[in-house]
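Here is what each chain is made of, one letter per residue.
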Amino acid sequence: MTALLSLLPLGTSGLPVDVPVTSDSVRVVVETDLGIFELEVDVDRAPVTAANFLRYVDGGHYDGGSFYRTVHADNQPNDSIRIAVIQAGRNRDAAAPPFPPIELERTSETGIAHGDGTISMARAGPNTATHSFFICIGDQPSLDHGGMRNADGQGFAAFGSVVAGMEVVRAIHEAPHEGQRLAPQVGIVKVYRK
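It should be emphasised that the depicted structure is a prediction, and the values quoted were computed from it without experimental measurement. (Residues numbered from 1 in each chain as written. Predicted model: local features only at pLDDT ≥ 70, side-chain atom pairs only at ≥ 80, totals over all residues. Heavy atoms only, no water.)

Engineer: Outline the layout of surface pockets, listing residues and values.
Structural biologist: Volume-wise, the largest pocket comes out at about 170 Å³. As for the largest pocket, its lining consists of R69, I83, V85, Q87, A122, R123, A124, F134, L143, R149 and F156. Residue composition of the lining of the largest pocket, by class: seven nonpolar, one polar and three charged. (1 Å grid on protein atoms, 1.4 Å probe; cavity = no way out; pocket = protein on both sides within 12 Å on 5 of 7 lines; lining within 4 Å. Points joined across faces, edges and corners; volume = space filled by probe spheres on them. Nonpolar A, V, L, I, M, F, W, Y, C, P; charged D, E, K, R; others polar.)

Engineer: A description of the pairing of strand β7 (residues 157–164) should follow, citing residues and the corresponding values.
Structural biologist: Note that strand β2 (residues 35–41) and β7 share four bridges and pair antiparallel. Residue pairing in the sheet places E38 in a bridge with A164 of β7. (Pairing = 2+ DSSP bridges. Helix = DSSP H or I, 4+ residues; strand = E, 2+ residues; numbered from the N terminus.)

Engineer: Before we move on, could you go through the pairing of strand β4 (residues 85–89) and cite the residues and values that matter?
Structural biologist: Of all five residues that make up β4, five are buried, and the element is covered over most of its length. Neither face of β4 is left uncovered, since the one carrying V85, Q87 and G89 and the one carrying I86 and A88 both have all their residues buried. Pairing of strand β3 (residues 66–71) with β4, which is carried by five bridges, proceeds in the antiparallel orientation. Its bridge partner lying in β4, F67 is registered against A88. By the bridge criterion, four bridges tie β4 to strand β6 (residues 133–136) in an arrangement that is antiparallel. Residue pairing for β6: V85 is matched across the bridge by C136. (Buried < 20%, exposed > 50% of the residue type's maximum accessible area, 1.4 Å probe, protein only.)

Engineer: Tell me what's going on with the environment of V189, and back it up with residues and numbers.
Structural biologist: In this fold, V189 is placed in strand β9 (residues 181–193). Each C-alpha atom, one on V189 and one on Y62, is 8.2 Å from the other, the two residues being 127 residues apart in sequence.

Engineer: Got a sec to walk through the packing of aromatic side chains? Specific residues and values, please.
Structural biologist: Enumeration over the complete set of coordinates arrives at nine aromatic pairs. Seen in terms of ring centroids, F53 and Y62 are 5.4 Å apart; in terms of plane orientation they differ by 35°. Their pairing is tilted. Y62 shares its class with F53; the two are buried. Ring plane angle 85° and centroid distance 5.6 Å describe the contact between F134 and F156, whose orientation is recorded as edge-to-face. Of the two residues, F134 is situated in strand β6 and F156 in the loop between β6 and β7; the sequence distance between them amounts to 22 residues. Given a relative accessible area of 9%, F156 falls into the buried group. Here a set of aromatic residues connected by ring pairs shows up, and it is made of F37, F53, Y56, Y62, F67, F99, F133 and F159. When the ring centre of F156 is taken as origin, the NZ or CZ atom of R123, which lies over that ring, is 5.0 Å away. (Phe/Tyr/Trp six-rings, centres within 6.5 Å; stacked < 30°, edge-to-face > 60°. Lys NZ or Arg CZ within 6 Å of the ring centre and 35° of its normal.)

Encoded structure:
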């Protein structure tokens, strides 16, 4: 456990005590301005990342948030390794601050690769992810551990996948944009456990 994670109140499982942990995957519904899709969050293989995402879900932090970024082959001219994703974050006007950053769960540890529809946490350096997440459009192996989309080669923390409504995810990806910024942003109405 890193010092950052140990700042949270922990239960016997080592996860924050306010996040129920089960041995089954958790279904989460995401309602957006362009439609609804459903996620399966893998609490078994990515327990730290899943618990982090679910505490934002359970606290209503994503309600009123948005999908604000869409990445296509033609809007990343400064990147030699191209990806296709959409990225979202919590409601920035929420009164509560984001939770502390979490430890990076590498794909080499979890076995969850960045395939089509995979949900993963955005980050800068290792152990910096908080609330921002992205969804892969098509397979994105350069985002896995050892992939070089991020220069440190550590990859990103995948923790589940879209299991229904991938057409909505693709519609967000194709929505009007200026560079990588969705214009306008696609609002998140509500995110909740099914």
